[in-house]
Amino acid sequence: MKKITIAIDGYSSCGKSTLAKELAKELNYIFVDYGAMYRAVTFFVAQKNLVTSNSIDKKAIIDILHEVNLSFQLNEETKTPEIYLNGENIEKEIRTPFVSSLVSKVAAIKEVREKLVEEQRKMGENGGIIMDGRDIGSVVFPHAELKLFVTAEIATRVERRYAEMIAKGEEVTRQEVEKNLIERDHLDSTREESPLIQTEDAIVLDNTNLNRKEQLELALTLVKERT
Ligand code: DC
């Protein structure tokens, strides 16, 4: 079967990466979590206090970007790629509420996006790849053969993210999760540089009332139509 490029965009906590990982396993494709790259840069600059809850030093962030080296390596146990920053696995560190609360501010910086988009394009050069993010179908891979715009009602998204964080042992309330999702969605879809948009050729996949299996089957049908 011909290998295509699949772009999955959508709001925060819609289950994009869950779908992308499952699709990648079924199809034997490579899955790249582009949000992880923005999270990794945020983690790096937050450690240096260049972004905090009430400040951001854009110039200093841009100046230090050349020190950021990102790569993905397959975790043999889970069979999913994990992100490394300058040789160190930071998969866990980037998923904290702290990084989530700052990432959309850092992702809005033009120079940060330019650096990451260049690396993202290189990763996807040969097809057989599934990427999830905010600007994959619009900017990174505008010619992707299949573009999915994943969405779900806010209450469902809050519940899913809350359960995920509690399972990880994070101390968080539903209100905090909801506030973070709404803030990020707003920043991600209103920023000047490649905001989150639903492209005309994207297929909307609303998974509010779909379980993981139903969502996967629907997506697989769409892939088969294109291969
Ligand atoms: O998918 P995620 O929630 O891990 O993404 C974290 C943040 O990274 C998200 O709030 C916005 C940013 N992002 C982006 O701007 N463009 C992408 N292609 C992917 C993520």
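The shown structure was predicted, so the numbers you read here are calculated from the model rather than taken from an experiment.

Enquirer: I'd like a rundown of the side chain of glutamate 91, residues and numbers included.
Expert: Positionally, glutamate 91 belongs in the loop between strand E7 (88–89) and helix H4 (97–107). Looking at glutamate 91, the relative accessible area reads 17%, which means it is buried. Of the polar contacts made by the side chain of glutamate 91, one reaches the backbone nitrogen of isoleucine 83; its length is 3.0 Å.

Enquirer: Which residues make up helix H5 (residues 110–123), and what values do they have?
Expert: Taking 1.5 Å as the rise per residue, H5 with 14 residues should run 20 Å; its terminal C-alpha atoms sit 20 Å apart, in good agreement. Against the buried residues of H5 lie helix H2 (34–47), helix H3 (58–64), strand E5 (70–75), H4 and helix H6 (136–140).

Enquirer: Can you tell me about the pairing of E5, naming the residues and giving the values?
Expert: Here E5 pairs with strand E6 (residues 80–85) via 6 bridges, running antiparallel. Note on E6: the bridge partner recorded for leucine 70 is leucine 85. Following E5, the chain reverses through 4 residues before pairing antiparallel with E6; lysine 79 in that reversal takes a positive phi of roughly 65°.

Enquirer: Give a detailed account of the sheet that holds strand E2 (residues 30–33), specifying residues and quantitative values.
Expert: Read from one edge to the other, the open sheet built from 5 strands follows the order E2-E8-E1-E9-E10, with strand pairing classed as parallel. Strand pairing shows two members of the sheet lacking a second neighbour, E2 and strand E10 (203–206), which therefore form its edges. For this sheet, the mean inter-axis angle between neighbouring strands, taken without regard to orientation, is 20°. Note: E2 against strand E8 (residues 129–133), 4 bridges, orientation parallel. What sits directly across from phenylalanine 31, in E8, is isoleucine 130.

Scoring rules and cut-offs
Residues numbered from 1 in each chain as written. Predicted model: local features only at pLDDT ≥ 70, side-chain atom pairs only at ≥ 80, totals over all residues. Heavy atoms only, no water. Helix = DSSP H or I, 4+ residues; strand = E, 2+ residues; numbered from the N terminus. Buried < 20%, exposed > 50% of the residue type's maximum accessible area, 1.4 Å probe, protein only. Polar contact = N/O pair within 3.5 Å; in protein donor to acceptor, adjacent residues only side chain to side chain. Expected span 1.5 Å × (residues − 1). Contact = heavy atoms within 4.5 Å. Pairing = 2+ DSSP bridges. Axes fitted to C-alpha atoms, helices over the stretch in contact; angles between N-to-C directions.

Don't take any of this as a statement about function, it's just geometry.
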